[in-house]
Amino acid sequence: MTDEQINVAIAEACGWRNCKVLPKPKKYWDVSDVPEMCRIGSPPVAGSCTFPNYCNDLNAMHEAEEVLLWNKGPGVWECYRNKLRGKYGEDDIHTTARQRAETFLKTIGKWEDSK
């Protein structure tokens, strides 16, 4: 999956609705129905918000992990942690945002292998 595909999939898993990527170079989300905890960045125009960069921002991934823990349940959280440790060992605390994003999507069954 590309970074953009990963970012969209994680945002949707975190409760974002009406996700739209506008033409480059600007990338924005329609946030008319987004939970407050998922709003990352400051809105440049009414009804939109800067595109979350889960693949390159550990703070954004932390927010996604919070959603995974509290909204998906402790069993899903444990599965996520076990997948991280299974692939990266006990030193999983040093994983990158991209590694966490990939594991996040694999845990919730939204990862798509490149063809």
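Before going further, it helps to examine the packing of aromatic side chains. Two aromatic rings, taken as a pair, are described by how far apart their centres are and by the angle between their planes. Tallied over the entire structure, the rule returns two aromatic pairs. Plain terms: the ring middles of Trp77 and Tyr80 are 5.5 Å apart, the flat faces sit at 40° to each other, and that makes the pair tilted. A residue pair is termed a helical-turn pair when its members lie 3 or 4 positions apart in one helix, as Trp77 and Tyr80 do in helix H3 (residues 74–88) at three residues. Tyr80 matches Trp77 in its accessibility class, with the two residues each being buried. Each ring, one from Tyr80 and one from Phe104, has its centre 6.4 Å from the other, and the planes form 75°; the classification is edge-to-face. One end of the pair, Tyr80, is in helix H3; the other, Phe104, is in helix H4 (residues 97–107), with 24 residues separating them in the sequence. With a relative accessible area of 1%, Phe104 lands in the buried category. Above the face of the Trp111 ring, Lys106 is positioned so that its terminal group lies 5.5 Å from the ring centre.

We now examine H3. Taking 1.5 Å per residue as the helical rise, H3 with its 15 residues ought to reach 21 Å, and the 21 Å between its terminal C-alpha atoms agrees with that figure. When H3 is considered as a whole, its buried residues turn out to be Trp77, Tyr80, Arg81 and Leu84. Taken end-on, H3 shows its buried residues confined to a sector of 95°, consistent with a single buried face. Exposed residues lying more than 90 degrees from the buried face of H3 are Gly75, Gly86 and Lys87. Gly89 occupies a position one or two residues after H3 and carries a positive phi of about 75°.

About the cut-offs
Residues numbered from 1 in each chain as written. Predicted model: local features only at pLDDT ≥ 70, side-chain atom pairs only at ≥ 80, totals over all residues. Heavy atoms only, no water. Phe/Tyr/Trp six-rings, centres within 6.5 Å; stacked < 30°, edge-to-face > 60°. Helix = DSSP H or I, 4+ residues; strand = E, 2+ residues; numbered from the N terminus. Buried < 20%, exposed > 50% of the residue type's maximum accessible area, 1.4 Å probe, protein only. Lys NZ or Arg CZ within 6 Å of the ring centre and 35° of its normal. Expected span 1.5 Å × (residues − 1). Arc of directions from axis to C-beta.

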